[in-house]
Amino acid sequence: MASRDAAGTLVRLRAEPPAWGFGDLYLRRYRAEDHGTVLDLHREGLAQVGLRPGDGVYYDHDFFRMEDIYLRNDGEFLVGEVDGRIVAMGGLRRADLVPAGQDRALGGYILGGPALDAVEMVRLRVSPGFQRRGYGAAVVEALEQRAAEYGYRVLRADTTELQGPALSLYRRFGWSVTRREPIGGIVNVYLEKRLR
């Protein structure tokens, strides 16, 4: 494992498969054996802010197609470990693979064109007992690096107004709100960042 310097710098440890160190956090590419833990972390994160299945915002169908949606389609999915335990995660998926808004929650999946233009940063989660240590920022920074390496021009994300820490994190990294959409009584916030 890598150690963090006094400034809390994210350090690239390996190009492929990608890996980073940030203090006691080790970021690496998702593996199939991570599935159950990653799905639990996702559900725990949404429950923490009151999101639930059927609300029009909550969805998890992509977790059952990780390789297709993330790893075989010019995307990425990272997990962050502390002492071998997964405590953080986040992914990149081509923005043309899954629709936005309420259609997303209904499980829509489409295969877009070959041009790499926009990518979505999704599934950014940190286990409640490990929050406020900079791990979310480390995942965002690593995923932004991967998006640039793939040649994407635009990063997109969405979250809800209920997820204040996520909104603050995106803003800290220079993302801008592009629109808001009420879905099932919850306001979904869409953000964007230009990479080039």
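Please refer to the structure placed before this passage.
Residues numbered from 1 in each chain as written. Predicted model: local features only at pLDDT ≥ 70, side-chain atom pairs only at ≥ 80, totals over all residues. Heavy atoms only, no water.

### Considerations on helix α4 (residues 135–150)
- With 16 residues, α4 ought to run about 22 Å at 1.5 Å a step, and its terminal C-alpha atoms sit 23 Å apart, in line with that.
- Along α4, the positions that sit buried rather than exposed are Tyr135, Gly136, Ala137, Ala138, Val139, Val140, Ala142, Leu143, Glu144, Arg146 and Ala147.
- Positive backbone phi, approximately 95°, marks glycine 151, located one or two places after α4. (Helix = DSSP H or I, 4+ residues; strand = E, 2+ residues; numbered from the N terminus. Expected span 1.5 Å × (residues − 1). Buried < 20%, exposed > 50% of the residue type's maximum accessible area, 1.4 Å probe, protein only.)

### A few points about the pattern of salt bridges
- Applying the stated criterion across every chain yields a total of 22 salt bridges.
- Between arginine 29 and glutamate 76 there is a salt bridge, with the nearest N and O atoms lying 2.8 Å from each other. Linking arginine 29 in strand β3 (residues 25–29) with glutamate 76 in strand β4 (residues 76–82), this pair joins segments that are 47 residues apart in sequence.
- With relative accessibility at 23%, the residue arginine 29 sits in the partly exposed group.
- The class for glutamate 76 is buried, based on a relative accessible area of 0%.
- Residue glutamate 192 pairs with arginine 156 through a salt bridge whose shortest N-O separation is 3.3 Å. With glutamate 192 in strand β9 (residues 186–194) and arginine 156 in strand β7 (residues 154–160), this pair connects stretches of sequence that are 36 residues apart.
- Sharing partners across several salt bridges, the network here consists of Arg12, Glu16, Arg29, Glu76, Arg146 and Glu149. (Salt bridge = Lys/Arg side-chain N within 4 Å of Asp/Glu carboxyl O.)

### Observations concerning unusual backbone geometry
- Residue proline 17 is bonded to the preceding glutamate 16 through a cis peptide linkage, with omega at -15°.
- You can see proline 17 is positioned in the loop between β1 (11–14) and β2 (19–22).
- Phi is positive for arginine 123, which is not a glycine, with a value near 60°.
- Relative to the assigned elements, arginine 123 resides in strand β6 (residues 118–126).

### Brief notes about the packing of aromatic side chains
- This structure, assessed with the given rule, holds five aromatic pairs.
- Here the aromatic rings of tyrosine 30 and phenylalanine 77 are separated by 5.8 Å at their centres, their planes lie at 75°, and the arrangement is edge-to-face. On the criterion of sequence distance, the pair formed by tyrosine 30 in the loop between β3 and α1 (35–48) and phenylalanine 77 in strand β4 is long-range, its members being 47 residues apart. Like tyrosine 30, the residue phenylalanine 77 is buried in the burial classification.
- Where tyrosine 70 meets phenylalanine 77, the ring centres are 5.0 Å apart and the plane angle is 75°; that geometry is what we call edge-to-face. Phenylalanine 77 shares its class with tyrosine 70; the two are buried.
- An aromatic cluster is built from Tyr30, Phe63, Tyr70 and Phe77, whose rings are joined through pairwise contacts.
- Lying across the ring of tyrosine 190, arginine 179 places its NZ or CZ 3.9 Å from the centre. (Phe/Tyr/Trp six-rings, centres within 6.5 Å; stacked < 30°, edge-to-face > 60°. Lys NZ or Arg CZ within 6 Å of the ring centre and 35° of its normal.)

Purely geometric numbers; function is a separate question.
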